[in-house]
Amino acid sequence: MSQLRALAAVLRGAGVGGSQWLPWCGGGGPARRWVEPRRGCSSAATHGSSYVEQMYLAWLEDHKSVHESWDTFFHNIQASSPSGEAGERRPSALLQGRALSHSADTTRKVVEDHLAVHSLIRAYQIRGHHVAQLDPLGILEADLDSFVPSDLITTIDKLGEAHNTNHGEFFSWIIFSRFYGLSASDLDRSFQLPPTTFIGGGDNPLPLKEIVRRLEISYCGHIGVEFMFINNVDQCQWIRQKIETPGIMQFSNAEKRTLLARLIRSTRFEDFLARKWSSEKRFGLEGCEVLIPALKTMIDTSSAAGIDNVIMGMPHRGRLNVLANVIRKDLDQIFCQFDSKLEAADEGSGDVKYHLGLYHERINRETDKNITLSLMANPSHLEAVDPVVQGKAKAEQFYRGDTQGKKVMCISIHGDAAFAGQGVVYETFHLSELPSYTTHGTIHVVVNNQIGFTTDPRVARSSPYPTDVARVVNAPIFHVNADDPEAVMYVCRLAAEWRSTFNKDVVVDLVCYRRFGHNEMDEPMFTQPLMYKQIRRQQRVLRKYSDRLIAEGVVTLQEFEEEVAKYDKICEEAYKSSKDEKISQIRHWLDSPWPDFFTAEGEPRSMNCVPTGLNEEVLQHIGQAASSVPLEDFKVHPGVSRILRGRAELVKSRQMDWALGEYMAFGSLLKDGVHVRLSGQDVERGTFSHRHHVLHDQGVDKRMCVPMNHLWANQAPYTVCNSSLSEYGVLGFELGFAMASPNALILWEAQFGDFHNTAQCIIDQFISPGQAKWVRHNGIVLLLPHGMEGMGPEHSSARPERFLQMSKDDPDHFPEFNGDFEVQQLYDCNWIVVNCSNPANYCHVLRRQILLPFRKPLIIFTPKSLLRHPDARSSFDELADGTKFKRVIPDEGLATQNPDQVKRVIFCTGKVYYELARERRQHKLERDIAIIRLEQISPFPFDLVRAEVEKYTNAELVWCQEEHKNMGYYDYVRPRLLTVVADRKPVWYVGRDPAAAPATGSKFTHLNELKRFMDTAFDLRAFHGNDA
Ligand SMILES: Cc1ncc(C[n+]2csc(CCOP(=O)(O)OP(=O)(O)O)c2C)c(N)n1
Ligand SMILES: [Mg+2]
């Protein structure tokens, strides 16, 4: 190869042998033409041609003395030399000028022809997919482009009969032949194949005609492969071998029968639903029935390679069919979901049938091995589930020690429009190779029905294929005509083998059609009339494939009909028994059960929460670890040394700052065997440089140390990982991670709290309503830095109002207090929203998260300036044994001595407390004004707030916040405070005025606003005479 390349370089270079590649102006494509030496620039023989001559001479002496490619090459020269010159092919004659120059010309021609053939092979490998027959309807271009690359021959017929054929084909042959400098007479010449092709099988060289024929079979049939962008030679070779080797796509009769049986199930399932519930939406799979055997083939192949847990995510289309025929949910359970009279047995809203998840353990019949299949529940929001699936799979791998993804894998199914259009797809792909996020290869399947609702792909994407996004991670893409079931099975097997060989992502693009409208009620002829005229004429794939197998003698018509009847009977029987179902149990549709955590009925094992305090020894031990470097000869940065020394000082005085409080929480949970994972942008150091959970050796590149993993001998692992710059993808991932086990504290930290809004879909669709829709608990923790510190409209507000607005506790109903009210209230809520004002309470709430007998998402507004604020420290006493999270921190100062005398009670939350406390000191109003901190905002601590209100009977009630009036907590707190006082007292507002932006960009305005509302807070006459 390198010799050929060298030769090509010499021959192609300007003036070498007088030949050049020049742009060719006809045809409009990137074609180039060969300019004959005579007509191009001429030159004398160079060392390039003398190199060939030397090789030639050596070859004449001994054919074996040169590489076999040269050997073939010189044989060709001899064969193609005019017979009259035979005598001059002796070495002595060659050395004479005339013979030499003739030989050099011939040599050049043969070299160029070989190079041309090699280019041709490469062109098929790169661009063959553009002309592959991918559309089952035969009317659309899967790559949205009808242009035929000029360096490809599109049909073998064109080769021999170019001159007899029609004008267009003749023209393309002309382009082609000029492009390569080949002529029709070359078709029967043999060419040596390069090692980058496998089309030869055992045959090498091959006649050009045969080369093209084999390339056409490999690259331009029903499979179009995009892989030549992959920058790894072994991986490209692997694909070439699997695609090009002659006869490799063979199926045994048994395999064909299995495929047919699966196609029968897939097809007849949809037919059955259509028959029984003709006016129900089910987002049927018609037009892509092959999806079911496709998924099953991937699972079979993966199971054979050792996988025993497959986690899947998919949208609406064909979901019921996947549940029935891939995961094998009982059919009666599916059918009863169509019954509108079915009563819901579980609390919560439930969800429509084509969103529900499932978890199922079974034996894989093909491999006889155990396999667990789960389909994640998902919302309508297309592709939102992608990162969730990844996170769940990563967690399953992590907890099983499956570091290479040999046991657990994901299959992610997509629609063509959504795959191209939704940004979270890109974000998820970018997680695929990151050490703390990789699941070691996902198989992506695109149900590419060439339409999105009513929208044509030509106006729905700018890329040729819907799958181009996968190219960013070097994933091979197998486009396949979904009406050729065997081609589909072949690429599915390949995709699974690719995944188990290279542990990298791969895409299977099932180019299909959608037989009906977007759902069964929609009329597709409104918008795609021609496409749907064709679809009506289109024979169903089951019919086509069964006809074929009957014709091949693989099955008889009778066997086929029996198989169909057998499945129809199964459906009918299940339909009958579904009528007996009176109650719908959403919990039977759980995608991530935690059998050891809950009772058999799915209930918590208790309704208590043990205290979250820690003993002194544990506090001292963690404090010591947090302030030292556990490794020898590890040189930390002087700034980090200073921080560690500062921590040591604090520990000595039994104090903690925010970072130490977090250390105490994580460290103590690790001690108890609870895995802790903290993920987000720059979390290892911490955006505000306060955390430093990963130390970097200043002398040795990439030498790092995580002291938290050196705390105890048998501790659980601590994972702290800087994420990619994504919120939607990463939060979805962590949510999925948190689904795998209740015995883990999974935290996602936003760089600044407001950035969570680019992950809003995960919050709105999964975190807030997840349990209500899918009876699925999740204990994910969101750390959202929040606080008005003059940093401008962004970086200030984590938008507490949004979380509070979605909290489901009733503002107008004063709850009954029985049992452990704190725990009961937490159990009833959809999530917990807190803003802790000190590190001890932060530590408590993190520990409580795990010690609770159930799981709820926890939203924590975390501080920025308070991280280092000397007042915002806690004593070890506040974390001592027996202590617990304080939902409310009452005033403990002078106001409590004479509560009757207190004129105003200011309720607040978070950082503003410290500003209020300072101002109160300055105004010397400690006896007149009590300040009460709401640490748990939602669910609202009615019990504790009432106790505080009752303590200060004569005081007026104020809610103070630093946020603008239409933001922050006011709208949530006010009605609840009014409920506490039964509307007998007004609740006054102190804070910033309503605004459109969350904060001002001017420091000056910021401080002015602060002063104004502080003045109001401490003006005891501020509300006299006002209407509430
Ligand atoms: C994020 C999001 N935006 C819009 C929709 C509304 N919607 C539902 S299905 C659909 C078309 C999906 O097309 P495609 O991804 O090709 O899947 P298909 O229905 O063709 O299988 C749209 C726009 C949605 N569900 N999710
Ligand atoms: Mg579509």
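Since we're looking at a predicted model, the values are computed, not measured.

Chemist: For the overall build of the protein chain, give the residues involved together with the corresponding values.
Modeler: Along the backbone of the protein chain there are 33 helices and 30 strands. Relative to its full complement of 1028 residues, the protein chain shows a buried share of 58%. The contacts of the protein chain with a sequence gap of at least 6 include a subset with a gap of at least 24, amounting to 80%. Summed over its atoms, the accessible surface of the protein chain is roughly 41000 Å², and 50% of this surface lies on carbon and sulfur atoms.

Chemist: So what's going on with the pattern of salt bridges? Which residues, and what values?
Modeler: By the definition in use, this model includes 56 salt bridges. Here Lys 392 and Glu 396 are joined by a salt bridge, their closest N and O atoms 3.6 Å apart. Residue Lys 392 and its partner Glu 396 are both found in helix H14 (residues 385–400); the two are separated by four residues, about one turn of the helix. Under the relative-accessibility criterion, Glu 396 is labelled buried at 18%. Residue Lys 903 is joined to Asp 928 by a salt bridge in which the shortest nitrogen-to-oxygen separation is 2.8 Å. Of this pair, Lys 903 sits in the loop between strand S25 (888–889) and strand S26 (904–908) while Asp 928 is found in the loop between helix H30 (912–923) and strand S27 (929–934), placing the two residues 25 residues apart along the sequence. Given the relative accessible area of 17%, Asp 928 is considered buried. Because the salt bridges share partners, they merge into one network encompassing Arg 268, Asp 271, Glu 289, Arg 540 and Asp 568.

Chemist: Explain the nonpolar core residue by residue, including any values.
Modeler: Ranked by internal contacts, the top residues of the largest apolar core, which has 176 residues, are Leu 291, Phe 335, Ile 411, Leu 510 and Leu 782. Broken down by element, the residue count for this core peaks at 10 residues, all from helix H17 (residues 485–502). Not counting residues up to four positions away in its chain, the partners in contact with Phe 335 are Phe 269, Phe 272, Leu 273, Trp 277, Cys 571, Ala 574, Tyr 575 and Ser 578. The next biggest cluster of nonpolar side chains, apart from the first, holds 56 residues, and it includes Val 694, Trp 712, Cys 829 and Leu 867.

Chemist: Outline unusual backbone geometry, listing residues and values.
Modeler: Look at the link from Asn 204 to Pro 205: it is a cis peptide, with omega at 5°. As for its position among the elements, Pro 205 is in the loop between strand S3 (190–191) and strand S4 (206–207). Residue Pro 939 follows Ser 938 across a cis peptide bond; omega there is -5°. On the secondary structure map, Pro 939 appears in the loop between strand S28 (936–938) and helix H31 (942–951).

Chemist: Give a detailed account of the packing of aromatic side chains, specifying residues and quantitative values.
Modeler: One pass over the full model with this rule turns up 36 aromatic pairs. Ring centres of Trp 988 and Phe 1023 lie 4.8 Å apart, and the angle between their planes is 10°; on these two criteria the pair is classed as stacked. Here the residue Trp 988 occupies a position in strand S30 (residues 987–992), and Phe 1023 occupies one in the segment after helix H33 (1003–1017), the gap between them amounting to 35 residues. With relative accessibility at 8%, the residue Phe 1023 sits in the buried group. Among the aromatic residues, ring-to-ring pairing joins Phe 269, Phe 272, Trp 277, Phe 335, Phe 338 and Tyr 575 into one connected group. One residue, Arg 677, lies across the ring of Tyr 437, its end atom 5.1 Å from the ring centre. The ring of Tyr 827 is capped by Lys 856, whose NZ or CZ atom sits 5.5 Å from the centre of that ring.

Chemist: Explain helix H21 (residues 616–626) residue by residue, including any values.
Modeler: When H21 is considered as a whole, its buried residues turn out to be Val 618, Leu 619, Ile 622, Gly 623, Ala 625 and Ala 626. For H21, the buried positions fall inside an angular range of 165° around the axis, keeping them on one side. Those residues of H21 that are buried lie in contact with helix H22 (638–652) and helix H23 (658–671). Capping the start of H21 is the job of one residue whose side-chain oxygen sits 3.1 Å from the backbone nitrogen of Glu 617: Asn 615.

Chemist: Break down the confidence of the model for the protein chain for me, with residues and values.
Modeler: For the protein chain, per-residue confidence averages 89 on the pLDDT scale, and 89% of positions sit at 70 or higher. Predicted confidence is poor over residues 1–49, with pLDDT under 50, and the contacts of this stretch with residues over four places away or in other chains come to 73 contacts.

Chemist: Lay out the coordination of the magnesium ion (ligand 2) with the relevant residues and their values.
Modeler: For the magnesium ion (ligand 2), every protein donor is listed as Asp 416 (OD), Asn 449 (OD1) and Ile 451 (O), and the spread of their distances is 2.0 Å. Between consecutive donors of the magnesium ion (ligand 2), the numbers of intervening residues give the motif D-x32-N-x1-I. Taken together, the positions of Asp 416 in helix H15 (residues 416–421) and Asn 449 in the loop between strand S11 (442–448) and strand S12 (477–481) put the pair 33 residues apart, joining distant regions of the chain. The same class applies to Asp 416 and to Asn 449, which are both buried.

Chemist: Lay out the packing of H14 against helix H24 (residues 728–740) with the relevant residues and their values.
Modeler: H24 packs onto H14 with a crossing angle of 45° between their chain directions and a minimal axis gap of 6 Å. The orientation of H14 relative to H24 falls into the category oblique. Handedness of the crossing formed by H14 with H24: right-handed. Within the contact between the two elements, H14 uses Pro 387, Val 388, Gln 390, Gly 391, Lys 392, Lys 394, Ala 395, Glu 396, Phe 398 and Tyr 399 and H24 uses Tyr 728, Gly 729, Gly 732, Phe 733, Leu 735, Gly 736, Phe 737, Met 739 and Ala 740. Here the residues of the contact of H14 with H24 are counted per class, giving 11 nonpolar, five polar and three charged.

Chemist: A description of the sheet that holds S25 should follow, citing residues and the corresponding values.
Modeler: Pairing is mixed across the open sheet formed by five strands, whose spatial order is S25-S27-S26-S29-S30. Edge positions in the sheet fall to S25 and S30, since each has one partner strand and no second. Pairing of S26 with strand S29 (residues 956–964), which is carried by four bridges, proceeds in the parallel orientation. Along S29, the bridge assignment pairs Phe 907 with Trp 959.

Chemist: Before we move on, could you go through the pairing of S30 and cite the residues and values that matter?
Modeler: With six of its six residues buried, S30 lies for the most part within the structure. Relative to S30, S29 runs parallel, the two sharing five bridges. Across the sheet, residue Trp 959 finds its bridge partner in S30, namely Tyr 989. Each parallel crossover has a hand, and the one from S29 via helix H32 (residues 970–980) to S30 is right-handed.

Chemist: Explain the sheet that holds strand S16 (residues 675–680) to me, and be specific about the residues and the numbers.
Modeler: An order of S19-S16-S20-S21-S23-S22-S28 is seen for the seven strands of this open sheet, with the pairing classed as mixed. The outermost strands of the open sheet, each flanked by one partner alone, are strand S19 (718–722) and S28. Looking at each pair of strands side by side, their axes are set apart by 20° on average, direction ignored. Alignment of strand S22 (residues 832–834) against S28, held across two bridges, turns out to be antiparallel. Paired with Val 833 across the strands is Ser 938, a residue of S28.

Chemist: Describe the site of ligand 1, with residues and values.
Modeler: The environment of ligand 1 is formed by 15 residues, the closest being His 316, Arg 317, Ser 380, Asp 416 and Ala 418. Within the contact set of ligand 1, an oxygen atom lies 2.8 Å away from a side-chain nitrogen or oxygen of Arg 317. One of the backbone N or O atoms of Leu 382 is found 3.2 Å from a nitrogen atom in ligand 1. When the free accessible area of ligand 1 is taken as 570 Å², the share hidden by the protein chains comes to 74%.

Chemist: Mind laying out the environment of Asp 971, listing which residues take part and the relevant values?
Modeler: Within the secondary structure, Asp 971 is located in helix H32. When the C-alpha positions of Asp 971 and Glu 801 are compared, they lie 7.6 Å apart, and in sequence the two are 170 residues distant.

Chemist: I'd love a proper account of the side chain of His 675, names of residues and values included.
Modeler: With respect to the helices, strands and loops of the structure, His 675 is situated in strand S16. Engagement of the side chain of His 675 in a polar contact is seen with the side chain of Thr 719, the distance being 2.9 Å.

Chemist: Quick one: what's the story with the side chain of His 692, residue by residue and with numbers?
Modeler: By the secondary structure assignment, His 692 is in the loop between S16 and strand S17 (695–696). At 3.1 Å, the side chain of His 692 forms a polar contact with the backbone oxygen of Ser 689.

Chemist: Could you give an account of the environment of Leu 590, with specific residues and numbers?
Modeler: Structurally, Leu 590 is set in the loop between strand S14 (583–584) and H21. Sequence-wise, Leu 590 and Gly 357 are 233 residues apart; in three dimensions their C-alpha atoms are separated by 5.8 Å. Not counting residues within four places of it along the chain, the set of residues in contact with Leu 590 comprises Gly 357, Leu 358, Tyr 359, Trp 774, Val 775 and Arg 776.

Chemist: How would you explain helix H9 (residues 233–244) if you had to name every residue and give the values?
Modeler: When the terminal C-alpha atoms of H9 are compared, their 16 Å separation across 12 residues agrees well with the 16 Å that a helix rising 1.5 Å per residue should span. Within the sequence span of H9, burial applies to Gln 235, Cys 236, Trp 238, Ile 239, Arg 240, Lys 242, Ile 243 and Glu 244. The opening residue of H9 is Asn 232, an N-cap whose side-chain oxygen sits 2.9 Å from the backbone nitrogen of Asp 234.

Chemist: Tell me about the pairing of S11, and name the residues and values.
Modeler: In terms of burial, S11 is largely enclosed, as seven of its seven residues are buried. Judged by which residues are buried, S11 turns out to be covered on both faces: Thr 442, His 444, Val 446 and Asn 448 on one side and Ile 443, Val 445 and Val 447 on the other are all buried. Strand direction decides the pairing type here: strand S10 (residues 408–415) and S11, joined by six bridges, are parallel. When the bridges of S11 are listed, Ser 412 appears paired with His 444. Looking at chain direction, S11 and strand S13 (residues 506–511) are connected through six bridges and run parallel.

Conventions we followed
Residues numbered from 1 in each chain as written. Chains lettered and ligands numbered in written order. Predicted model: local features only at pLDDT ≥ 70, side-chain atom pairs only at ≥ 80, totals over all residues. Heavy atoms only, no water. Helix = DSSP H or I, 4+ residues; strand = E, 2+ residues; numbered from the N terminus. Buried < 20%, exposed > 50% of the residue type's maximum accessible area, 1.4 Å probe, protein only. Contact = heavy atoms within 4.5 Å. Areas by Shrake-Rupley, 256 points an atom, 1.4 Å probe, with all protein chains shown as cover. Salt bridge = Lys/Arg side-chain N within 4 Å of Asp/Glu carboxyl O. Core = buried A, V, L, I, M, F, W, Y, C linked by side-chain atoms within 4.5 Å. Phe/Tyr/Trp six-rings, centres within 6.5 Å; stacked < 30°, edge-to-face > 60°. Lys NZ or Arg CZ within 6 Å of the ring centre and 35° of its normal. Arc of directions from axis to C-beta. Polar contact = N/O pair within 3.5 Å; in protein donor to acceptor, adjacent residues only side chain to side chain. pLDDT = per-residue confidence, 0-100. Donors = N, O, S within 2.8 Å, 3.2 Å for Na, K, Ca; no water. Axes fitted to C-alpha atoms, helices over the stretch in contact; angles between N-to-C directions. Parallel < 35°, antiparallel > 145°, perpendicular 65-115°, else oblique. Left-handed = near helix turned anticlockwise from the far one by under 90°. Nonpolar A, V, L, I, M, F, W, Y, C, P; charged D, E, K, R; others polar. Pairing = 2+ DSSP bridges. Right-handed = clockwise from strand over helix to strand, strands pointing away. Near = heavy atom within 4 Å. Expected span 1.5 Å × (residues − 1).

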